[in-house]
Structures are given as structure tokens and as C-alpha cells.
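What follows is each chain in one-letter form.
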Amino acid sequence: MPRYELALILKAMQRPEMAAALKRTIEALMERGAVVRDLENLGERSLPYKISKHNQDHRRGGYFLVDFDGPPTIVSTMMDHLGRDVDVIRPTFLKHPVSKTEECGGIIPVNYEDKLYTKKK
Amino acid sequence: MAATLVVSSRGWGRLQQILAAGQGASASCSVLWRRGYSSQQEQVSHNEDLPIQMENPYKDPPKRCVLCGINVDYKNVQLLSQFVSPYTGRIYGRHITGLCGKKQKEISKAIKRAHVIGFMPVVYKDPTFLNDPKICDIRHPE
């Protein structure tokens, strides 16, 4: 099962309501056959721009990151489900980023003349 | 003076021979010193004196860009904001950031992703990151 990352932005609410919303979301994920690995809280911060959702304008939100393994069919169904949830401002499913930092051999100088001009045979 | 001018390539060997004979040096020495001796004589390998072919040991290591070896992530808004204009929020080009092709593409993709997801502002730079160290070679008009 491929590994996904759900970047979730929830409405700025009180702690118990926020917890309830997260619980709902993760239960929905598990219902559809996902194995949740990790849930990170990136804090409550002001949104970079005003987001209008469910007839409301939001300027602050709680940022969460859900790391899970699930079948590929989960993405469309979950987007549908989260679109209908009033407390969710912006859900985004991403492939889990593979951190590859090896083999950066530096800038190799390219011979532009050979690259851009075709030599006459 | 005239005598030295007269000494040609052939004449020099002759002179050596004469001098050697006079001083009692071995005949083989004078033969070797003679310029233009025939190849029928014993071949001494000249290759010992020639320089050994090797890769330049004083070559500089390849130049690395600022992000060489650093993982670029859409969540790392502070890093991404360093490559964005503070006034308009536009992404700086390669000639300003000085990044290699791969990293420039990665940064560009990450910034656009962060815009959509709602992590990074689009038309301005987040004010908390305005006083970050300057990486880009941008010169604003006075």
C-alpha cells in the first residue's frame, strides 16, 4: 500500500472540538482501510490568505499532518468525505515525500557550444 | 669567439670526442653525448624522464549550490520564503538564486505546492521571515 500524507487545515476551535474533529477524520480513514502511522500537530497559526469555506471566512486554522498507508482508492472517497465536513478548511492528499539528499555532485560545467549548436557533418 | 660559432651540431660531437680522447675518457661516453647518433646503436628508453599521464591533482572540487545536500520540503516555509520576493511574492529566477537546475526545480515545485495547500502566502512574503539572511543575489532599484 502506498504511503500518503494528509495536510489537514482545521477551523480554529477549542481543544475538545478540535480533538473530536481529528478523531472523526482518522476513524473515517481507518474505516476505508488505512493504517495511520503518525499524527503531527503543526500548531494553530493564521492562514496565509483568507479562505472561504462552507459559507464562512477563515483567517486562523489548526495545521495537522496525518501520515498513513492506504489503498489508492481512498483518496477520492476521503476528499468527498472531508469536503462535506464543516470543520475542515482545506484537506490535501500527497504522496509521502521521500527525502533524497544523496549524490548531489555539485554543478558540473556544461559545454554550451556542443549542447546548443549542431555540428555540420 | 669564431671557434664557438663554427661549432655546429655535427661539429660539437666531434669536439667532444677530441676532448674526451685528450682527457682519456671512455669511448662509450663520447658516443652517447654525440647528438644525432644513428638508431642502429643501443636504444636507451627515454620514457623514464617523460611526465606520467594522470588526472590533474590540483583540480578544484565541483562547485556546489547553496542547497546541495539539503532536503527541500513544502512544509519548510522559512526556507522557501528565502527564494521569494518580499514585495510581490514572486519566485526568483535561476540567475538570481544561483541554484543548480535540479534544486531550482524542486524549490519552485515546493513553493507552488505550499501556495495551494495553504502553508505559504502567495502575493507577499511572510513578515516573520523578512529579516532572514539573504541568499539571493537580487539588487532592488534605488
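Per chain, the residues get numbers from 1 upward, laid out in the order the sequence is written. Note on labels: chains are lettered from A, ligands numbered from 1, in written order. In view of the model being predicted, local features appear only for residues whose pLDDT reaches at least 70, and side-chain atom pairs are presented and counted only at 80 or more, with totals across whole chains, interfaces and linings using the full set of residues. Where side-chain values are given, they derive from all heavy atoms of the structure, hydrogens and water being excluded.

## Points about the overall build of chain A
Using the following cut-off: For the purposes of this entry, the term helix denotes a DSSP run of H or I that reaches at least four residues, the term strand denotes a run of E that reaches at least two, and both are numbered from the N terminus. In this setup the radius of gyration rests on C-alpha atoms only. A globule is expected at 2.2 Å times the number of residues raised to 0.38. Note on definitions: a residue-residue contact is assigned when non-hydrogen atoms from the two residues lie within 4.5 Å. Residue exposure ignores everything except the shown protein chains as possible cover, and the areas themselves are Shrake-Rupley values with a 1.4 Å probe. Here Asp and Glu are counted as negative and Lys and Arg as positive; His is not counted, and neither are the chain ends. Charge positions are represented by NZ for Lys, CZ for Arg, CG for Asp and CD for Glu.
A count of helices and strands for chain A gives three helices and four strands. Mapped in sequence order, the helices and strands of chain A form the string β-α-β-β-α-β-α. Over its C-alpha trace chain A gives a radius of gyration of 21 Å, far above what one expects of a compact globule, namely 14 Å for 121 residues. C-alpha atoms of chain A, sized along the principal axes, occupy 75 × 35 × 25 Å. Across chain A, contacts joining residues at least 24 apart in sequence account for 73% of those joining residues at least 6 apart. Surface accessibility of chain A: about 8,000 Å² in total, with carbon and sulfur atoms responsible for 52%. Distance between charge centres in chain A, computed from 20 positive and 17 negative side chains, equals 6 Å.

## Quick look at helix H2 (residues 74-84) of chain A
For an α-helix, 3.6 residues make a turn, and residues three or four places apart therefore share a direction. Residues and elements named next belong to chain A. Heads up, the rule is: The rule is simple: take the accessible area with a 1.4 Å probe, protein chains only, and divide by the maximum for that residue type; under 20% is buried, over 50% is exposed, in between is partly exposed. The arc refers to the directions leading from the helix axis to the C-beta atoms.
Every buried residue of H2 is accounted for by Ile74, Met78 and Leu82. Buried residues of H2, viewed axially, fall in a sector of 50°; they line one side. Away from the buried face of H2 by more than 90 degrees, exposed residues Ser76 and Arg84 are located. The inward-facing, buried residues of H2 contact strand E1 (3-11), helix H1 (15-31), strand E3 (56-69) and strand E4 (88-95).

## Overview of the sheet that holds strand E2 (residues 35-53) of chain A
Worth spelling out the cut-off: Think of it this way: DSSP has to see at least two bridges between two strands before they count as a pair. Orientation is described by axes fitted as lines to C-alpha atoms, over the contacting stretch for helices, and by angles from 0 to 180 degrees between their N-to-C directions.
Reading across the sheet, the four strands line up as E2-E3-E1-E4 (chain A) and stay open at both edges, with antiparallel pairing between neighbours. Since the sheet does not close on itself, it has two edges, and those belong to E2 and E4 of chain A, each with one partner. Direction aside, the axes of adjacent strands within the sheet are offset by 20° on average. In the sheet, E1(A) pairs with E3(A) via nine bridges, with the strands oriented antiparallel. What sits directly across from A:Glu5, in E3(A), is A:Asp67. Contacting E1, E2 and E4 of chain A, helix H6 (residues 101-117) of chain B crosses the sheet at an angle of about 150° to E4(A).

## Notes on the nonpolar core
Let me state the cut-off plainly: Working definition of a nonpolar core: buried Ala, Val, Leu, Ile, Met, Phe, Trp, Tyr and Cys residues. They are joined through side-chain atoms within 4.5 Å.
Judged by nonpolar contacts, the single largest core of 32 residues is most densely connected at B:Leu67, B:Tyr74, B:Leu80, B:Phe83, B:Ile107, B:Phe119 and B:Met120. The set of elements that each furnish at least two residues to this core consists of E1, E2, E3 and E4 of chain A together with helix H4 (77-81) and H6 of chain B. Look past the residues within four positions of B:Tyr74 in its chain and what remains in contact with it is A:Glu5, A:Ala7, A:Leu65, A:Leu94, B:Leu80, B:Ala110, B:Arg113, B:Ala114, B:Ile117 and B:Phe119. One finds A:Leu8, A:Leu10, A:Leu22 and A:Met78 within the second-largest nonpolar core, a separate group that totals 19 residues.

## Re the pairing of E2(A)
Regular strands place their side chains on alternate faces of the sheet. When E2(A) meets E3(A), the two strands line up antiparallel, connected through 13 bridges. Residue A:Asp38 lies in a different strand from E3(A), and its bridge partner there is A:Asp67.

## Considerations on the pairing of E4(A)
Residues and elements named next belong to chain A. The buried fraction of E4 is high, at six of eight residues. Relative to E4, E1 runs antiparallel, the two sharing seven bridges. Bridge pairing links Tyr4 to Lys95 in E4.

## Quick notes on the packing of H1(A) against H2(A)
All names here are of chain A. Applied cut-off: Here the word oblique covers every angle except those under 35 degrees (roughly parallel), over 145 (roughly antiparallel) and from 65 to 115 (roughly perpendicular). In a left-handed crossing the near helix is turned counterclockwise from the far helix by less than a right angle, and in a right-handed crossing that turn is clockwise.
In the contact formed by H1 and H2, the axes pass within 11 Å of each other and the chain directions differ by 150°. Compared by their axis directions, H1 and H2 come out roughly antiparallel. The crossing of H1 and H2 is right-handed. Judged by residue contacts, Thr25, Ala28 and Leu29 of H1 engage Ile74, Met78, His81 and Leu82 from H2.

## Let's talk about the interface of chain A and chain B
Accessible area lost during the coming together of the parts is what is often quoted as the interface size. Filter applied, for reference: Summed over both partners, the accessible area (1.4 Å probe) lost when two parts come together is defined as the buried area. The working definition used for a salt bridge is a side-chain nitrogen of Lys or Arg within 4 Å of a carboxyl oxygen of Asp or Glu. Here a polar contact means two N or O atoms within 3.5 Å. Within protein one must be a hydrogen donor candidate and the other an acceptor candidate, and residues neighboring in sequence count only if both atoms are side-chain atoms. Residues were grouped as follows: Ala, Val, Leu, Ile, Met, Phe, Trp, Tyr, Cys and Pro as nonpolar; Asp, Glu, Lys and Arg as charged; and all remaining residues, including Gly, as polar.
Every contact between the two is made by 21 residues of chain A and, on the other side, 24 residues of chain B. Taking both partners together, chain A and chain B bury about 1,800 Å²; carbon and sulfur atoms supply 59% of that area. The interface formed by chain A and chain B holds one salt bridge in total. Here A:Glu5 and B:Lys75 are joined by a salt bridge, their closest N and O atoms 3.1 Å apart. Here chain A is connected to chain B by seven residue pairs in polar contact (both at pLDDT 80 or more). Of all the elements in the fold, those that place two or more residues in the side of chain A that touches chain B are E1, E2, E3 and E4 of chain A. Broken down by element, the side of chain A that touches chain B gets its largest block of residues, four residues, from E2(A). Per-class residue counts for the side of chain A that touches chain B are 11 nonpolar, five polar and five charged.

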